[in-house]
Amino acid sequence: MKKICIVASKYSKYYEDIINMLIDGANEAISNHKKKFKINIIFVPGVFEIPYVISKNLKKFDAFIALGCV
């Protein structure tokens, strides 16, 4: 089973609704795929932390989805 990591900047109070909708959309798109995936979500404080978290987890996951709102 392939592992997908969603990295999302959720701790911003200003864009919390937008990020929640983006996460829901990503989960829906993945679940509509024929293959089954294991999905992990990592929340970071802001968009600038997304590349750092992805670079630190490159060997743990098969794919990444980066979600943020600026």
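Preceding this paragraph is the structure being described.
Participant: An account of the side chain of Ser9 is needed here, citing residue identities and associated values.
Facilitator: Structurally, the position occupied by Ser9 is in strand 1 (residues 2-9). Note on Ser9: relative accessible area 7%, which makes it buried.

Participant: Talk me through the nonpolar core; I want residue IDs and the actual numbers.
Facilitator: The biggest cluster of nonpolar side chains holds seven residues, and these are Cys5, Val7, Val44, Ile50, Val53, Ile54 and Phe61. Counting residues per element, the ones that place at least two in this core are strand 1 and helix 2 (50-56).

Participant: Any chance you could break down the state of the cysteines for me, citing the residues and the numbers?
Facilitator: Inspection of the entire model under this criterion finds zero disulfides. Among the cysteines around Cys5, which has no disulfide bond, Cys69 carries the closest sulfur, lying 19 Å off. According to the relative accessible area criterion, Cys5 is buried, its value standing at 0%.

Participant: Just give me the short version of the packing of aromatic side chains, but keep the residues and values in it.
Facilitator: On inspection of all chains with the given rule, the structure shows one aromatic pair. Both rings, one in Phe61 and one in Phe64, keep their centres 5.7 Å apart while their planes meet at 70°; by these two values the pair is edge-to-face. Judged by its relative accessible area of 12%, Phe61 falls in the buried class. Between Lys3 and the ring centre of Phe61, over which it is positioned, the NZ or CZ distance is 5.9 Å.

Participant: Would you mind going over the pairing of strand 1 in detail, with residue names and values included?
Facilitator: Of all eight residues that make up strand 1, six are buried, and the element is covered over most of its length. Pairing between strand 1 and strand 2 (residues 37-44): eight bridges, direction parallel. By the bridge assignment, Ser9 is partnered in strand 2 with Val44. Here strand 1 runs beside strand 3 (residues 63-67); their pairing, made up of five bridges, is parallel. Opposite Ile4, over in strand 3, you have Ala63 as the bridge partner.

Reading the values: the criteria
- Residues numbered from 1 in each chain as written.
- Predicted model: local features only at pLDDT ≥ 70, side-chain atom pairs only at ≥ 80, totals over all residues.
- Heavy atoms only, no water.
- Helix = DSSP H or I, 4+ residues; strand = E, 2+ residues; numbered from the N terminus.
- Buried < 20%, exposed > 50% of the residue type's maximum accessible area, 1.4 Å probe, protein only.
- Core = buried A, V, L, I, M, F, W, Y, C linked by side-chain atoms within 4.5 Å.
- Disulfide = S-S within 2.5 Å.
- Phe/Tyr/Trp six-rings, centres within 6.5 Å; stacked < 30°, edge-to-face > 60°.
- Lys NZ or Arg CZ within 6 Å of the ring centre and 35° of its normal.
- Pairing = 2+ DSSP bridges.

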